[in-house]
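Coordinate analysis (summary)
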Amino acid sequence: MRESIRADITGHQSRYLSELFSFLSYPSISTDPKYRSSVNDCAQFLKAQCQEIGLSNTQVIPTKGHPILFAQSEPDPNKKTLLIYGHYDVQPVDPLDQWDADPFDPVLKDGYMVARGAADDKGQVYAHLKAIESLQRVSGELPVNIKVLVEGEEEIGSPHLYGFLREYQDQCQADAILVSDTPFYSRTCPSICISLRGMLYVEVTMTGPSADLHSGQHGGAVANPIQGLAALISQLKDDRSRIQIPGFYDAVTPIGASLQALLDALPDNDAVYADSVGVSELYGEQGYGANAQKWFRPTLDCNGITGGYTGEGAKTIIPATASAKLSMRLVDGQDPDEIFASLTQYCQAHCPKGLNVKIKRHAGSKAYMADPDAPVIQMGKRALEAAFEYPAKLVGEGGSIPIVSELSSQLNAAVVLMGFNLPDDQIHAPNERFLVDHYYKGILATSLLMTALGGPK
């Protein structure tokens, strides 16, 4: 079966790539209202593609934001059901001058397709659709019932998908869920991701005088919000990178034997990793390697800070306000609501005299942890090994896909996080790319997973 599917994919490579390029050409940027029509057009393109491969119930469902594509094959009660989730929206392309070509005019370069959305997530979503097409052509039918759920708001936190899942819970029911939005561990190490960190994102604003003041006339008598904010941020972590918010680690489970075995099974790449990100040495909690810190330990980072005068030349002021954006990556067991409450209390207690602090919450989600022994996880692992011809590993992921935890809990189904892109594919950055070979092998891996899942119900 594998070689028959591989031969079918090879025979249709040119068309499969051309169609994907058409998909990539839509500037479906969900964050910017001026692209709303392009986002809608992209959803309609997906609808037509799903109908063309025989998914009989295909619809574009409107929301108060961007629409959701839902499609399914003709249901067979004797078959298991696989729900495929992905997103067709993409990040903004700024800075545009750092792209080698138009971000929405895909090009081939050194074996890669280069375009916004190539790896995150259009290329991977489209690999699933082509797997459905090839598998039907080779087998005459699908071994499983297929449901496809592709949203247009993942890059802005999926604000309307949660309500959709509650309303369409019965229609979305599945035995397993496939998500391809995570990278390989390395080019020669395909991987199934079993964990995603949660997140809490906040904005801390420090205010002082009612208006900017002359720093000569008022300096020394009035507290400076920038300096107060910097002092507060410096107190959030100690010199060993331990976060000082009371109760922050209370629900954090130590890395146990099973997770340690997962880490030990991977090559030690701390030095390579440090070099790849351009630092002389790594930083963080003592006693943990890079993978452990990125996947299974919580973090707190300042993502941006603003205040005062930053233009050309000098402007001597004590600013009225300053603000900082903070993100906390959370691990299994941590509750973003509880962390937010503790952070707020801590900041208020440590606010310098003469200043006021306000904490605004922008986003929050819980971490996700899969059972590494779940049958669909092992099926995905074997499918990757067969398609890419390298041993596959189980890994974690430091980033967040908030909807994954919701999908798993709402539908009571195991999620297999089986992505095909590489860590250096520059997602969210200029010249985002995706190996063409990985696109075709991703089609094969998806086909093999569906075939394996199609065993006895």
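The structure presented is a predicted model; accordingly, all values stated were derived computationally and were not measured.

So, the overall build of the protein
What the protein contains, in helices and strands, is 15 helices and 18 strands. A compact globule built from 457 residues should have a C-alpha radius of gyration of about 23 Å, and the protein, at 24 Å, falls within 12% of that. Expressed as lengths along the three principal axes of its C-alpha atoms, the size of the protein is roughly 80 × 50 × 45 Å. Here the protein, with 457 residues, has 52% of them falling under the buried criterion. Considering only contacts within the protein whose residues lie at least 6 apart along the sequence, 80% involve residues at least 24 apart.

Details of a nonpolar patch on the surface
A contiguous nonpolar patch, built from Val277, Val279 and Leu282 and spanning about 210 Å² of accessible area, is present on the exposed surface. Mapped onto the elements of the fold, valine 277 is located in the loop between α10 (270-276) and α11 (290-296).

So, the pattern of salt bridges
Tallied over the full model, the rule gives 19 salt bridges. Measuring nitrogen to oxygen at the nearest pair gives 3.3 Å for the salt bridge that ties arginine 433 to aspartate 424. You can call aspartate 424 partly exposed: its relative accessible area is 43%. Several salt bridges share partner residues, and in doing so they unite Asp8, Arg15, Glu19, Lys130, Glu133 and Arg137 into one network.

Some points on the packing of helix α2 (residues 13-24) against helix α4 (residues 122-139)
Viewed as axis vectors pointing N to C, α2 and α4 meet at an angle of 145°, and their least axial separation amounts to 10 Å. Helix-helix and strand crossings are classified by hand; for α2 and α4 the assignment is right-handed. Contacts from Arg15, Tyr16, Glu19, Leu20, Phe23 and Leu24 in α2 reach Lys122, Gly123, Tyr126, Lys130, Glu133, Ser134 and Arg137 in α4. Taken together, the residues of the contact of α2 with α4 sort by class into five nonpolar, two polar and six charged.

With respect to the pairing of strand β3 (residues 81-87)
For β3, the tally of buried residues reaches seven of seven residues, placing the bulk of the element in the interior. In β3, alternate side chains face the same way, and those of Thr81, Leu83, Tyr85 and His87 on one face and Leu82, Ile84 and Gly86 on the other are all buried. As paired strands, β3 and strand β6 (residues 145-151) are joined by seven bridges and run parallel to one another. If you follow isoleucine 84 over to β6, its bridge partner there is valine 148.

A few points about helix α1 (residues 2-11)
Taken together, the buried positions of α1 are occupied by Ile5, Asp8 and Ile9. For α1, the arc enclosing every buried residue in end-on projection is 100°, short of the 170-degree limit, so these residues lie on one face. Contact partners of the buried residues in α1: α2, α4 and α15 (436-453).

Considerations on the nonpolar core
Judged by nonpolar contacts, the single largest core of 113 residues is most densely connected at Met113, Ile132, Ile146, Leu149, Phe164 and Tyr439. Take this core: its biggest share by element is ten residues, from α15. If we ignore the near neighbours within four places in the chain, the residues touching isoleucine 146 are Leu55, Ala71, Gln72, Ser73, Leu82, Ile84, Ile132 and Met450. If you look at the next biggest cluster of nonpolar residues, it comprises 29 residues, including Met206, Ile243, Val331 and Val357.

What counts and how
Residues numbered from 1 in each chain as written. Predicted model: local features only at pLDDT ≥ 70, side-chain atom pairs only at ≥ 80, totals over all residues. Heavy atoms only, no water. Helix = DSSP H or I, 4+ residues; strand = E, 2+ residues; numbered from the N terminus. Rg over C-alpha atoms; globule rule 2.2 N^0.38 Å. Buried < 20%, exposed > 50% of the residue type's maximum accessible area, 1.4 Å probe, protein only. Contact = heavy atoms within 4.5 Å. Patch = residues over 30% accessible without salt bridge, like charges linked within 9 Å, V, L, I, M, F, W, Y side chains within 5 Å. Areas by Shrake-Rupley, 256 points an atom, 1.4 Å probe, with all protein chains shown as cover. Salt bridge = Lys/Arg side-chain N within 4 Å of Asp/Glu carboxyl O. Axes fitted to C-alpha atoms, helices over the stretch in contact; angles between N-to-C directions. Left-handed = near helix turned anticlockwise from the far one by under 90°. Nonpolar A, V, L, I, M, F, W, Y, C, P; charged D, E, K, R; others polar. Pairing = 2+ DSSP bridges. Arc of directions from axis to C-beta. Core = buried A, V, L, I, M, F, W, Y, C linked by side-chain atoms within 4.5 Å.

Interpretation note: all reported values are geometric properties and have no functional meaning in isolation.
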